[in-house]
Amino acid sequence: MNAPGAVLDIRDLTLSFATSKGPVTILEGVSLSVGGNEIVGLVGESGSGKTVTALATMGFLPPAARIESGQIDFEGADLLSLDEQSMRAIRGRRIAMVFQSARGALNPLMRIGDQLARVYQIQRAMPQRQAYREAVDMLRRVGIADAERRVRAYPHQISGGMAQRVLLAMMIACSPALLIADEPTTGLDVTIQAQMFDLLKDIQAQTRASVLLITHDLGVVAETCRRIVVMYAGQVMETGDCLSIFAQPRHPYTQHLLSSVMRVDRPVVAPPVGGPPSEALVYAARGCRFAHRCPIAIDVCRREALPRISAGPGHDVMCHRVGEGYGAAAES
Amino acid sequence: MEPLLKVEGLEKRFREGATTIHAVNGVSFEIHPGEAVGLVGESGCGKTTVARCIMRLTQSSAGRILFDGQDLLPLRGSTLRRQRRGFQMVFQDPSASLNPRFTARRTLSEPVVLHGIARGSAAEQLVREMLGKVNLSGDYLPRYPHQLSGGQKQRVGIARSLITEPKFVVLDEPTSSLDMSVRIYVIDLLRRLQQSLGVAYLFISHDLSTVRFLCDRVMVMYLGRIVEMGPTAEVFAHPRHVYTQALLSAIPIADPAARRERLLLKGETPSPRELKPGCGLQDRCPFVKPECLRPVPFYELGGGHRVACVLARDGGTKRD
Amino acid sequence: MRLLGLVIRAQREIVPSSERARRSGVGTVRKRRLLASGLVVAAIVLGAAALGPLVVPYGPVAADPELKLIAPSLSHPLGTDTFGRDILSRVVHGARLDLGIALSVVALALVLGSAIGTLSGFYGGWVDALVMRVTDVLFAFPSFILALAIAAILGNSIPNVIIAIAVAYIPYFVRLTRAEVLAAREMEYADAARTVGNPGWRIMYVHLLPNCLTPALVQATLCLGWAILDVSGLAFLGLGIRPPTPEWGVLVSEGAQNIISGQWWTSLFPGAVIVVAALGFNLIGDGLRDFTAREER
């Protein structure tokens, strides 16, 4: 989708990994965009390729990866064509990424205040004392109480939730245009998680940055994101705004996903039957990779590349059956 | 009906240098035959420690654990091992809980042989049947854990726990490491197994939605104590303890149209080192009163729903 | 699953693609060549031990005074010694001896060391403290000196030499196995083994130990190299094997007196064989260590 005005526009990205069993196409024809001042959720189970997409954007792919085709447009440049020097200028300053394990991303030998101050020193060429003051201020902004005292702590002395806040502080220190958050609350308690997402929404509202939130938790997506991109096995299945996708999921995979969700607030409907996919089958397939599990798959699904069917303004479904009026069953 | 499992005043203290950590601080509850009870709470609340104490993997500091009327805590050696046949456990990480050098066959036949239930081809028969009950064919018998997916490994773990026909199984976050669509498959399997085999569950989880699906009753823990317990639907619909309310309101709901009122607690969970008398939530509760600083008893709310919160006083009778 | 592993690994090592391409690839080729050379040497030694005595022209003690102290030549590639014995044949006969003793030493140390290490790591407490203090004491001595002292105390025979050297190596296996067991006993499968009804000894030796052997096995190949040196060294000093048995260390000591008079081959060749054999097994050990360590990353 050529999205004018999009901050990040990934177009038709296909990339493969070299493995001992030959090249495997990890991502196929992935297209998604993140507009200005919005939070977009990238949803999928493990193996769906969402993390690889983020890594491709940041230029962190392993040497075994090969970009077969596609572009990643960001602020007018194709990130895939940039050299390491140019990417380094963009990372941290224009695009920032928050990883899953916050404590693992922090330097265990430096106090958190110093680490944060260094970001200001390097990225914004601030003198040391000023950088330190900014650091304390930023920590307060991300909700760390008693910031003047906590700033002297080492990463192993703070809790997981606090470490994640520090990492967030480091990432937004330079007011990047795009923040990629990859499962930022894995392993955190649900009350801490709620605090983190409230914080993320606040920060986004203040800085008007664009956020690509990668998660497998549909509840989080429903409460945080304006738009969703649903991925399965390296392909994008459906994109659109949150409200319409939750109310009327059109793609069979999205429907399957939503029906697998267990909710606290209502009694449960009988779950869908069927085990998890066989990976060998999936990655070898041409055409739609959900076909082997799809209840309404037909021959053309396995043979031909995915179509893009518009199911409403801003709502695209990559399914051959949707055009015929199938896949319209509402799940709420 | 006599309870199958009765835990009375369970305590577990850890010594760390000069300080004492009160991981479990006076926990009491009952589980009846065939009942599925959930134990929920966030990290550090002591739920895993309770499980380990019941399973005799960790030494308890005080209290009694009555299984079928017999106190488990004083048991040792071969007497304890014989009893283990009746209570089993499913662990959280299927990759870590299966011996990487054991085939599925060996993992499953070991308990059968150890307890003298069957040998040789009779044991093989039992193993195959059990595997079938978790929807795995005999083809999986010669496989090693690294040849199985996460969901398959966990099913082997579940089969292992049920193969000695126990009356009671402790499940410690059995689906936390699994993918979403696999998760519901395994939970559904657990529910069907429970109903067909009549086994009682203690289901430990931080994920309240799975507890909602599976458990008849639920207990909420915070800082080593149970703060609220009762029928699942009732507790989730009408939580009476402030912590339960905060917990439930923090869970994101997969419905963007749903209106949420979030109850936020101040700060973070204090470390179990700094244990004070009275309610564990006293430093964070927005409604704290002077009575909360003294030990808080359980208040009965009817229908098995009880809560250790002074705010419930107005809606129920006091119970020591 | 492997693809997922690749992706996960990609996440852990956040290094830009260009940089990583430059780093990897250079060191590994050399390492593989070293490992290959080690294997070749070991194969030769093993071959000599197994089949050598059937192939070489002379028996281990076949002497011909007429032919004494002949320099290396076509009929005697390594020369002859003071008694006119063909050095090549003696070296080949000696291979069986040295290797046999070295293997016995390592086997003994491995079995006892890992059994004690497992016990120590599993139970902890005073058992562990005791074992640790004893190994500390043993570590305080260089292994050769320790073996020398023990052999001197026990008496001069081959079984005693085997025991003496094994005792010097046992602490290594104890420590390695104990470290692995300390980690393994925290794993959930150890808990599962207990809940299923296994008694302590089964948890230790049926469940844990088989999963904890890898570092010990790597150490065993290294010890094989050291053992060859230690056995020869002790024999050189007169402990264990005595002349006229053609053990390598004995050969070196027999030939040592001839160096001054210019007949260097009587001592040098057996010495060189000792060095090369020990080096070969060491290279295998190193290669194995790299190989297993790399997998764990």
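All figures in this text were calculated on a predicted structure; none of them were measured in a lab. (Residues numbered from 1 in each chain as written. Chains lettered and ligands numbered in written order. Predicted model: local features only at pLDDT ≥ 70, side-chain atom pairs only at ≥ 80, totals over all residues.)

Structural notes on the overall build of chain B
Tallying secondary structure elements over chain B gives 10 helices and 13 strands in all. A compact globule built from 320 residues would reach a C-alpha radius of gyration of about 20 Å, and chain B, at 21 Å, matches this within 12%. Structurally, chain B occupies a C-alpha span of about 65 × 50 × 45 Å along its principal axes. Across the 320 residues that make up chain B, the buried fraction comes to 49%. When contacts within chain B are restricted to residue pairs at least 6 apart in sequence, those whose partners lie at least 24 apart make up 61%. (Helix = DSSP H or I, 4+ residues; strand = E, 2+ residues; numbered from the N terminus. Rg over C-alpha atoms; globule rule 2.2 N^0.38 Å. Buried ≥ 20, exposed ≤ 12 C-beta atoms within 10 Å, placed from the backbone. Contact = placed C-beta atoms within 7 Å.)

Notes on the overall build of chain A
Broken down by element type, chain A carries 13 helices and 12 strands. Counting over 332 residues, chain A shows a buried share of 48%. The long-range fraction of contacts in chain A, counting pairs at least 24 apart against all pairs at least 6 apart in sequence, stands at 63%.

Focus on the sheet that holds strand E4 (residues 62-67) of chain B
Paired through backbone hydrogen bonds, the strands of a sheet run either parallel or antiparallel to each other. Residues and elements named next belong to chain B. Across the sheet, which stays open at both edges, the 4 strands sit in the order E2-E1-E4-E5 with antiparallel pairing between neighbours. Every other strand in the sheet has two partners, leaving strand E2 (19-31) and strand E5 (70-71) as the edge strands with one partner each. Summarising the sheet, E4 and E5 pair through 2 bridges and their orientation is antiparallel. In the sheet register, Leu66 faces E5, and the bridge partner there is Asp71. (Pairing = 2+ DSSP bridges.)

Some details on the interface of chain B and chain C
Each side of the interface is counted separately: chain B has 20 residues, and chain C has 14 residues. Elements with a minimum of two residues in the side of chain B that touches chain C: strand E6 (87-90), helix H3 (94-97) and helix H4 (104-114) of chain B. Here the side of chain B that touches chain C takes 3 residues from H4(B), the largest share from any one element. Considered class by class, the residues forming the side of chain B that touches chain C number 9 nonpolar, 4 polar and 7 charged. (Nonpolar A, V, L, I, M, F, W, Y, C, P; charged D, E, K, R; others polar.)

Overview of the domain arrangement of chain B
Interface size is commonly expressed as the accessible surface area that is lost when the partners come together. Residue and element names in this part refer to chain B. Domain boundaries assigned for chain B yield domain 1 (5-215) and domain 2 (238-320). Here the C-alpha centroids of domain 1 and domain 2 sit 29 Å apart. The interface of domain 1 with domain 2 comprises 7 residues on the first partner and 6 residues on the second. For the side of domain 1 that touches domain 2, the element with the most residues is E2, which contributes 4 residues. (Domains from an automatic or database assignment.)

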